[in-house]
Amino acid sequence: LTSISLNLKWYSFEATRKIRCLESEVNEKIACGQASAEMFGSISYWHIPILAMTADSTQSSNEECIKCGMDDYVSKPFEEEKLYMAMARFFKSDT
């Protein structure tokens, strides 16, 4: 990997950690009554789906993505069905 791709990888991990930290703070405030769900778009539990897409298909890279808080991992080049299945987990059906 080049230094540029290593930096981008690090930034994506760091961004994910920061998002998870902010979610935790908001969820804690709502749970203990310091804030209402209405203050946060009427959502009582915050979790932003994060899907890693990378050319690095090693098991260690997958584990690293999950460890830092990403929800799933798709390696490139990806098959349409694998991407669809990974994305479908983030959406709930009303039926």
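Reading the values: the criteria
- Along each chain, residues carry numbers from 1 onward, in the same order as the chain's sequence is written.
- Only residues with pLDDT of at least 70 get local features here, since the model is predicted, and only at 80 or more are side-chain atom pairs given and counted; chain-wide, interface and lining totals rely on the full set of residues.
- Each side-chain value is derived from all of the structure's non-hydrogen atoms; neither hydrogens nor water enter the calculation.
- Strands here are runs of E lasting at least two residues and helices are runs of H or I lasting at least four, both read from the DSSP assignment and numbered beginning at the N terminus.
- For every residue, the accessible area obtained with a 1.4 Å probe (protein chains only) is divided by the maximum for its type, and the residue is called buried under 20%, exposed over 50%, and partly exposed between those limits.
- Contacts: residue pairs with any heavy atoms within 4.5 Å of one another.
- Pairs of strands are assigned from DSSP output, requiring at least two bridges between the strands.
- A right-handed crossover is one whose linking path, passing over the helix from the first strand to the second, runs clockwise when the strands point away from the viewer.
- Within this scheme, the nonpolar core is defined by two criteria: the residues are buried Ala, Val, Leu, Ile, Met, Phe, Trp, Tyr or Cys, and they are joined through side-chain atoms within 4.5 Å.
- By disulfide we mean two sulfur atoms from cysteines, separated by a distance within 2.5 Å.
- A pairing counts as a salt bridge when a side-chain nitrogen of Lys or Arg comes within 4 Å of a carboxyl oxygen of Asp or Glu.
- Within 3.5 Å is the distance limit for a polar contact, defined as a pair of N or O atoms, with the added protein rule that one can donate a hydrogen and the other accept it, and that residues adjacent in sequence qualify only through two side-chain atoms.

A. The overall build of the chain, seen in detail. Counting secondary structure elements, the chain contains 3 helices and 2 strands. Taken from the N to the C terminus, the helices and strands of the chain come in the order α-β-α-β-α. For the chain, buried positions account for 23% of its 95 residues. Of all intrachain contacts in the chain linking residues separated by at least 6 positions in sequence, the fraction that spans at least 24 positions is 39%.

B. Highlighting the pairing of strand β2 (residues 72-75). Sheet analysis places strand β1 (residues 51-54) next to β2, joined by 4 bridges and oriented parallel. Bridging across to β2, L51 finds its partner in D72. For the segment spanning β1, helix α2 (residues 59-67) and β2, crossover handedness is right-handed.

C. Region of the structure containing the nonpolar core. Core analysis: the largest hydrophobic core is formed by 7 residues, namely F13, I50, A52, C65, C68, M70 and Y73. When neighbours within four sequence positions are excluded, I50 is seen to be in contact with T16, I19, R20, M70, D71, D72 and F90.

D. Quick peek at the state of the cysteines. Taken as a whole and assessed by the stated rule, the structure comprises 0 disulfides. Of the cysteine sulfurs around C68, a residue in no disulfide, the closest is that of C65, at 6.0 Å.

E. Local environment of the pattern of salt bridges. Taken as a whole and assessed by the stated rule, the structure comprises 4 salt bridges. Note that E14 and R17 form a salt bridge whose closest N and O atoms lie 3.5 Å from each other. With E14 and R17 both in helix α1 (residues 3-31) and 3 residues apart, the pair spans about one turn of that helix. Given the relative accessible area of 38%, R17 is considered partly exposed. For R89, the salt bridge goes to D72, with nearest N and O atoms at 3.8 Å. Here R89, found in the segment after α3 (80-88), pairs with D72, found in strand β2; they are 17 residues apart in sequence, far enough to count as distant. On the basis of relative accessible area, R89 is assigned to the exposed category, the value being 53%.

F. Molecular detail of the side chain of D71. For D71, the position within the fold is in the loop between α2 and β2. A distance of 2.7 Å separates a polar atom in the side chain of D71 from a polar atom in the side chain of H47. Setting aside residues no more than four positions away along its own chain, D71 makes contact with R20, H47, I48, P49, I50, I66, R89 and F90.

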